[in-house]
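Each chain is listed here by its residues.
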Amino acid sequence: MTVQNDFSRGSVSGNILRLAVPLMLAQLVNVLYNVVDRIFIGHIGGSTLPLTGVGLCMPVITVISAFSGLFGMGGAPICSIARGQGDMEEAEQVQNTSFVLLVGCGIVLTVLGELFLHPLLTLFGASADTLPYAASYLRIYLAGTVFVMISLGMNAFINTQGFAKTGMLTVSIGAVLNLLLDPLFIFGLDMGVSGAALATVLSQAASAVWALWFLFSRRAILRLRPHTFRWQSHRVARIVGLGMSNFIALGTNGVVQIACNSTLQTFGGDLYVGVMTVLTAIREVVQMPISGLTNGSQPVISFNYGANAPGRVKQAIRFSVIAGIVYATLCWAVLFFFPAPFVRLFNDDPTLVTAAIPALHLYFFGYFMMSLQFAGQSVFVALGRSKQAIFFSLFRKIIIVVPLTLLLPYIGGLGTTGVFLAEAVSNFIGGTACFLTMYYTVYRRLDDRAKA
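Conventions and cut-offs
- Residues numbered from 1 in each chain as written.
- Predicted model: local features only at pLDDT ≥ 70, side-chain atom pairs only at ≥ 80, totals over all residues.
- Heavy atoms only, no water.
- Helix = DSSP H or I, 4+ residues; strand = E, 2+ residues; numbered from the N terminus.
- Buried < 20%, exposed > 50% of the residue type's maximum accessible area, 1.4 Å probe, protein only.
- Contact = heavy atoms within 4.5 Å.
- Salt bridge = Lys/Arg side-chain N within 4 Å of Asp/Glu carboxyl O.
- Phe/Tyr/Trp six-rings, centres within 6.5 Å; stacked < 30°, edge-to-face > 60°.

Points about the overall build of the protein chain
The helix and strand tally for the protein chain stands at 19 helices and zero strands. C-alpha atoms of the protein chain, sized along the principal axes, occupy 60 × 45 × 35 Å. Each of the 452 residues in the protein chain was classed as buried or not, and the buried ones make up 60%. Sequence-distant contacts in the protein chain: of pairs separated by 6 or more residues, those separated by 24 or more amount to 83%.

Some remarks on the pattern of salt bridges
Under the defined criterion, the tally for this structure stands at one salt bridge. The salt bridge partner of Arg396 is Glu423, with a shortest N-O separation of 3.5 Å. One end of the pair, Arg396, is in helix α17 (residues 386–407); the other, Glu423, is in helix α18 (residues 416–441), with 27 residues separating them in the sequence. Residue Arg396 is classed as buried on the basis of its relative accessible area, which comes to 5%.

Considering unusual backbone geometry
Its identity as a non-glycine residue notwithstanding, Asp190 has a phi of 55°, on the positive side. By the secondary structure assignment, Asp190 is in the loop between α9 (164–188) and α10 (192–216). Exposure remark for Asp190: the relative accessible area of 67% places this residue in the exposed category.

Overview of the packing of aromatic side chains
This structure, assessed with the given rule, holds 16 aromatic pairs. Seen in terms of ring centroids, Phe380 and Phe392 are 6.0 Å apart; in terms of plane orientation they differ by 5°. Their pairing is stacked. Note that Phe380 is positioned in helix α16 (residues 369–382) and Phe392 in helix α17, a separation of 12 residues in sequence. Considering the side-chain rings of Phe391 and Phe392, the 4.9 Å spacing of their centres and the 80° angle between planes classify their relative orientation as edge-to-face. Residue Phe391 is classed as partly exposed on the basis of its relative accessible area of 42%. Ring pairing ties together the aromatic residues Phe380, Phe391, Phe392 and Phe395, which thus form one cluster.

Listed below in structure tokens is the structure:
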């Protein structure tokens, strides 16, 4: 099995696709956890308020995902590089240290979230009408935080060992269960948004059990072993240092969501917060294949970098960049010319649809540039260049998007239009800066590594 998952052999693009295709499907399925909730919730009682209320919970859900990425995506590339160097003991120790961090952090986040539930939702832009829906959903969702941390965080280690199909099953099991339980709990048992949250928690628990069963079993190349579950500060520092870029990338999504929702509440009220909920859900779906492609390329890049094969590293970078640009351009074209069906999937209220279509055109303008951001970020993470990865995570969201989101609505009477325009501007500036930096500081210097 170790030979089978040796990424220094065979076609580079073939190795990437072998990991990326199941990973794309897995991540698409994973998105269904929250997207399916929003689809069903959007049709409760013919009102937009339940959908808006659940949309206000997204910053908290995003932060939980960010912490799972901090320890999961932080440890997985280090694990893969060690495996490429033939140090299987170190690779397993990194994996098991990440597991301890995921579980411990999940418990802390659960307690803090429950304690500060209402103040957080008010900060996120909840009104008197939407707060009851948001609180009902989030209170139950938080109870499953540890399950989310395990299923998302440890799945990165399943994938980095080359078991992409098993990784796909980790999220597929939960997503299919969620798809079945959502209508039963929401409509059959008349539980509303609470039913959606309960369905998600139970589904994530099933995914976590599957991931743990595999990693404890003899099928895994690197196994979870209880006697190695200890705090090892030098490994923790490496994991957190590299995972910080992924954490910031996801965590700053939460900051952007807060800025967008609060600004939209000021200039457009609950209706435009609902519009942003729909646009965010659409973006999550169309973005996952790019994320799956770049995440699928990371183990291949890391392994070949560790094996001192710079030519194969460059091949992997070229393939992920070109494939990402082609896919993102096609997505933009479909959304630009056929926006209405995507909006109506979540809510068919004529007022919301009318407001959402022009907002969608602005929000996704230049979306293909995002593929360059993803490609650059994934290379920095795969090669352990945490400082560059962290900088560009902060650059696009905190330095560009958030200030523009807060300022543009006041310029020239743009109002809500300014909020949606901020995302488009950041795609061009952030994508270009990240990719060019990666090209000149990494790609063009890889041949020098072979000569050294």
